[in-house]
Amino acid sequence: MNPLVAPEPSARHGVTALSVNLNKVALLRNTRHLGIPSVTRAATLVLEAGAQGLTVHPRPDGRHIRAHDVHELAELLQDWPHVEFNIEGNPFHNLMDFVRAVRPHQCTFVPDDVGQFTSDHGWSFPQDAERLKPLIAEAQALGVRVSLFMDPVPEAMAAAAACGADRIELYTEGYARAHLNGQAAQALPAYVAAAEAAMASGLGVNAGHDLNRDNLTDFLRAVPGVQEVSIGHAFIADALELGYAGTVRDYLRCIQRAYAPQAR
Ligand SMILES: CC(=O)[C@@H](O)[C@H](O)COP(=O)(O)O
Ligand SMILES: NCC(=O)COP(=O)(O)O
């Protein structure tokens, strides 16, 4: 499988790329042996509507995205050369098998345990540094960009860069919870500082987890340099009401609003 190649989304559009996480389509599909809802059909519809990327997290327990989904999406994306394929997972579990076989545009290292309910923390530095370095180097040697899932801790960004990572993904659950409680202003400074520290260390900045139509614009207005947001749970919940295409358009509008001049 040739590596999927696409220009940097930010270079292409100057704004944050939307990568739709398809985990929850697979979760629903797996509750019957009928193959519906189709993950590849969902992928086609969100890409036709303008999403710039797809993200999957093939967890070892196969609760949602499974190996065949990953390979079917990689095949589908051969017809979408400018779309980014981002595969998430723990590189000490099953992620590297997918990186070697599929060579996605990006892989995101997430320090989840096998049975974890959902992703709820980033990597720890300096503890994780030495064991991450060779896997980062291996993925990059295969032409795959490496992003590290990180809590918004500015002091950790230099160490993440020293491991050789290309980007970090800011874990945004804390921001989303604060936004829901009307306390986004108290939560955002940590994310701004972490993004600035990451970029000062030469890292690109992605973001994800519990982002949605209500909190996305405020986050992107405040946090500089976010090249990609990967959004799944809320996106799919919205798509149950609005359809895939309408939901993509809504999220793209949320992103564009963040970059529009604000009325004074
Ligand atoms: C890493 C992260 O925050 C999410 O991408 C993760 O994929 C969510 O996993 P679940 O969809 O299994 O909750
Ligand atoms: N990396 C975050 C992601 O892919 C989706 O997270 P969520 O929107 O399902 O919480």
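Residues numbered from 1 in each chain as written. Chains lettered and ligands numbered in written order. Predicted model: local features only at pLDDT ≥ 70, side-chain atom pairs only at ≥ 80, totals over all residues. Heavy atoms only, no water.

Asks: Any chance you could break down the overall build of the protein for me, citing the residues and the numbers?
Replies: Looking only at helices and strands, the protein has 12 helices and eight strands in total. Relative to its length of 264 residues, the protein is compact, with a C-alpha radius of gyration of 17 Å against a globular reference of 18 Å. Referenced to the eigenvectors of the C-alpha coordinate spread, the extents of the protein come out at roughly 50 × 45 × 35 Å. If you take every contact in the protein between residues at least 6 apart in sequence, the share linking residues at least 24 apart comes to 68%. Of the roughly 11,300 Å² of accessible surface on the protein, a fraction of 53% belongs to carbon and sulfur atoms. Of note, the protein has its 21 positive side-chain charges centred 4 Å away from the centre of its 29 negative side-chain charges. (Helix = DSSP H or I, 4+ residues; strand = E, 2+ residues; numbered from the N terminus. Rg over C-alpha atoms; globule rule 2.2 N^0.38 Å. Contact = heavy atoms within 4.5 Å. Areas by Shrake-Rupley, 256 points an atom, 1.4 Å probe, with all protein chains shown as cover. Lys, Arg positive; Asp, Glu negative; His and termini not counted. Charge placed at Lys NZ, Arg CZ, Asp CG, Glu CD.)

Asks: Can you lay out the environment of W123 for me, pointing to particular residues and giving the numbers?
Replies: With respect to the helices and strands, W123 occurs in the loop between β4 (106-109) and α6 (129-141). Under the relative-accessibility criterion, W123 is labelled buried at 5%. Along the sequence, W123 and W80 sit 43 residues apart, while their C-alpha atoms lie 32 Å from each other. A polar contact of 2.7 Å, which involves the side chain of W123, links it to the backbone oxygen of F109. (Buried < 20%, exposed > 50% of the residue type's maximum accessible area, 1.4 Å probe, protein only. Polar contact = N/O pair within 3.5 Å; in protein donor to acceptor, adjacent residues only side chain to side chain.)

Asks: A description of the packing of helix α4 (residues 67-76) against helix α5 (residues 95-102) should follow, citing residues and the corresponding values.
Replies: In the contact formed by α4 and α5, the axes pass within 11 Å of each other and the chain directions differ by 25 degrees. Our classification of the angle between α4 and α5 gives roughly parallel. Crossing handedness for the pair α4 and α5: right-handed. In this structure, α4 uses A67, V70, H71 and A74 to contact α5, whose residues at the interface are F98, A101 and V102. (Axes fitted to C-alpha atoms, helices over the stretch in contact; angles between N-to-C directions. Parallel < 35°, antiparallel > 145°, perpendicular 65-115°, else oblique. Left-handed = near helix turned anticlockwise from the far one by under 90°.)

Asks: Can you tell me about the UniProt feature "binding site: 1-deoxy-D-xylulose 5-phosphate" (unreviewed entry) in the protein, naming the residues and giving the values?
Replies: UniProt records the feature "binding site: 1-deoxy-D-xylulose 5-phosphate" (unreviewed entry) at R59, H64 and T118, using the numbering of this structure. These annotated residues cover 60 residues of sequence, and their C-alpha atoms all fall within 11.8 Å of one another, placing them together at a single site. As for the largest cavity, its lining draws on R59 from among the annotated residues. You can see R59 is positioned in the loop between β2 (53-56) and α4. The exposure class assigned to R59 is buried, which follows from its relative accessible area of 8%. Dropping the residues within four chain positions of it, R59 is found in contact with H64, I65, N94, D112, Q116, T118 and S119. Among the structural elements, T118 can be located in the loop between β4 and α6. (UniProt positions renumbered as here; feature names shortened; annotations may be inferred. 1 Å grid on protein atoms, 1.4 Å probe; cavity = no way out; pocket = protein on both sides within 12 Å on 5 of 7 lines; lining within 4 Å.)

Asks: Could you give an account of the pattern of salt bridges, naming the residues involved and the relevant values?
Replies: Tallied over the full model, the rule gives 12 salt bridges. Residues D61 and R63 are paired through a salt bridge, measuring 2.9 Å at the closest nitrogen-oxygen approach. According to the relative accessible area criterion, R63 is partly exposed, its value standing at 23%. (Salt bridge = Lys/Arg side-chain N within 4 Å of Asp/Glu carboxyl O.)

Asks: Explain the site of ligand 1 to me, and be specific about the residues and the numbers.
Replies: Taken together, N21, N23, K24, H57, R59, H64, E88, V110, T118, S119, F149 and H209 form the complete shell of residues around ligand 1. Within the side chain of N23, an N or O atom sits 2.8 Å from an oxygen atom of ligand 1. Taking H57, its side chain carries an N or O atom lying 2.9 Å from an oxygen atom of ligand 1. Here ligand 1 has 360 Å² of accessible area as a free molecule, and 91% of this is covered by the chains. Judged by the proximity of its atoms to the pocket grid, ligand 1 belongs to the largest pocket. For the shell around ligand 1, the per-class residue count stands at two nonpolar, seven polar and three charged. (Near = heavy atom within 4 Å. Sits in = over half its atoms within 2 Å of the grid points. Nonpolar A, V, L, I, M, F, W, Y, C, P; charged D, E, K, R; others polar.)

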